Amino acid sequence: MDNDDDQVVKKFMYMNRKAPYGTIYALESLEVVLIAAAFDQDVSLVFADDGVYQLTNSQSTDDIGMKNFSPTYSALGDYDIKKIYIEKESLDERGLTLEDLQALTYEDEDDDWAEKDSIHLVSREELAEVIDQQDVVFSF
Amino acid sequence: MAIEVDGQSYETDEEGYLADLNQWRPELATAMAIADGAPLEEHHWEVINFLREYYEEYQIAPAVRVLTKAIGKKLGKDKGNSKYLYELFPYGPAKQACKYAGLPKPTGCV
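Residues numbered from 1 in each chain as written. Chains lettered and ligands numbered in written order. Predicted model: local features only at pLDDT ≥ 70, side-chain atom pairs only at ≥ 80, totals over all residues.

**As for the overall build of chain A**
Then comes step 1: In terms of helices and strands, chain A carries three helices and seven strands.
Then comes step 2: Traced from its N-terminal end to its C-terminal end, chain A shows the element sequence β-α-β-β-α-β-β-β-α-β.
Then comes step 3: Compactness check: chain A gives a C-alpha radius of gyration of 15 Å against a globular reference of 14 Å for 140 residues, within 12% of the reference.
Then comes step 4: Considering only C-alpha atoms, chain A reaches an extent of 50 × 35 × 30 Å along its principal axes. (Helix = DSSP H or I, 4+ residues; strand = E, 2+ residues; numbered from the N terminus. Rg over C-alpha atoms; globule rule 2.2 N^0.38 Å.)

If you want it as structure tokens, here you go:
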């Protein structure tokens, strides 16, 4: 990899808007995120619209013959992905709260490995601002 | 492709990764390592067992960088570096150790 001093860190956002199963989008997004994590960029994830279902607790895929990949989201902290935005309106519209979603944390290297919350609950308006600050937005 | 252990045949992909990770047994790791010319010792098993536990919890094989950090935390700083892990698994810790552990090739590993 190129280790020049002038290496540019860009802000990459991965936007997840679809239900976890039924299409391949959610799993593909997760795989791209894990692969891209190797490139030391400023990464954030968004879960909005039906995408909030990707993080719901107690998923079971026994009857649909697909792998339940929801446990993998809790590895995101290991991959230094610490910014996860959940859109509040999307939860409200589906009768969900943060309680229905799995907790996602990371260990802060600069703070004696203290476990910290990766999830930020944001309004649609706040989310628009965060999106506006990105260099690249991938929509899944 | 397939690997034979104790008269039983286990299906693998073209790179030798076990097709069904539920079929994994320690004897398979031993057989794969002997076929590669470097029998497993206790230090190898620490990493292999760690990978299996990681997969059990997160359903993925960790990238090398993640593995290195996690091993350092669990087994001590002297083991959490790529030099140590590459000495144990010269074909690449994630690649080779994952194969022995019966896991799929790590996501993002080429």
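**Some thoughts on the pairing of strand 1 (residues 11-16) of chain A**
Remark: a regular strand shows side chains that alternate across the two faces of the sheet.
Residues and elements named next belong to chain A.
Then comes step 1: Buried residues dominate strand 1, accounting for five of its six residues.
Then comes step 2: The sheet contact formed by strand 1 and strand 2 (residues 42-47) spans six bridges and is parallel. Among the inter-strand pairings, Met15 is bridged to a residue of strand 2, identified as Val46.
Then comes step 3: Running through helix 1 (residues 25-36), the crossover from strand 1 to the neighbouring parallel element strand 2 is right-handed. (Buried ≥ 20, exposed ≤ 12 C-beta atoms within 10 Å, placed from the backbone. Pairing = 2+ DSSP bridges. Right-handed = clockwise from strand over helix to strand, strands pointing away.)

**Brief notes about the packing of helix 2 (residues 42-58) of chain B against helix 5 (residues 93-100) of chain B**
Residues and elements named next belong to chain B.
Then comes step 1: Two numbers describe how helix 2 lies on helix 5: the axes approach to 9 Å, and their chain directions differ by 80°. In terms of axis orientation, helix 2 runs roughly perpendicular to helix 5. Residues Val47, Ile48 and Leu51 of helix 2 pack against Pro93, Ala97, Cys98 and Tyr100 of helix 5.
Then comes step 2: Considering only residue class, the contact of helix 2 with helix 5 consists of seven nonpolar, no polar and no charged. (Axes fitted to C-alpha atoms, helices over the stretch in contact; angles between N-to-C directions. Parallel < 35°, antiparallel > 145°, perpendicular 65-115°, else oblique. Contact = placed C-beta atoms within 7 Å. Nonpolar A, V, L, I, M, F, W, Y, C, P; charged D, E, K, R; others polar.)

**Some words on the interface of chain B and chain A**
A common way to state how big an interface is: give the accessible area lost once the parts meet.
Then comes step 1: At the junction of the two partners, chain B supplies eleven residues and chain A supplies twelve residues.
Then comes step 2: Within the residue set of the side of chain B that touches chain A, elements represented by two or more residues are helix 2 and helix 3 (64-75) of chain B.
Then comes step 3: At three residues, helix 3 of chain B tops the list of elements feeding residues into the side of chain B that touches chain A.
Then comes step 4: Considering only residue class, the side of chain B that touches chain A consists of six nonpolar, three polar and two charged.

**Comments concerning the nonpolar core**
Then comes step 1: Core analysis: the largest hydrophobic core is formed by 51 residues, its most contacted members being Val33 and Leu45 of chain A together with Leu51, Ala97 and Ala101 of chain B.
Then comes step 2: Residue-level mapping places this core at the junction of two domains, with at least three residues from each of domain 1 (2-35) and domain 2 (42-100) of chain B.
Then comes step 3: In this structure Ala101 of chain B touches Ala29, Ile48, Leu51 and Arg52 of chain B, once residues within four positions along its chain are discounted. (Core = buried A, V, L, I, M, F, W, Y, C linked by C-beta atoms within 7 Å. Domains from an automatic or database assignment.)

**A short note on the sheet that holds strand 6 (residues 119-122) of chain A**
Residues and elements named next belong to chain A.
Then comes step 1: With parallel pairing, the five strands of this open sheet are ordered in space as 6-3-2-1-7. Edge strands, defined here as strands with exactly one partner in the open sheet, are strand 6 and strand 7 (136-139). Neighbouring strand axes in the sheet, compared pairwise and without regard to direction, differ in orientation by 25° on average.
Then comes step 2: Where strand 1 and strand 7 come together, four bridges link them in parallel fashion. Looking at the pairing, Phe12 lines up with Val136 of strand 7.
Then comes step 3: Helix 1 contacts strand 1 and strand 2 of the sheet and is inclined by roughly 160° relative to strand 1.
Then comes step 4: Contacts from helix 3 (residues 124-132) reach strand 1, strand 2, strand 3 (83-87), strand 6 and strand 7, with the element oriented near 140° to strand 3.

**A look at unusual backbone geometry**
Then comes step 1: A positive phi angle is found at Asp40 of chain A, which is not glycine, with a value near 50°.
Then comes step 2: Examined against the element boundaries, Asp40 of chain A turns out to sit in the loop between helix 1 and strand 2.

**Details of the domain arrangement of chain B**
Then comes step 1: Taken domain by domain, chain B comprises domain 1 (2-35) and domain 2 (42-100).
Then comes step 2: Taking the mean C-alpha position of each, domain 1 of chain B and domain 2 of chain B sit 19 Å from one another.

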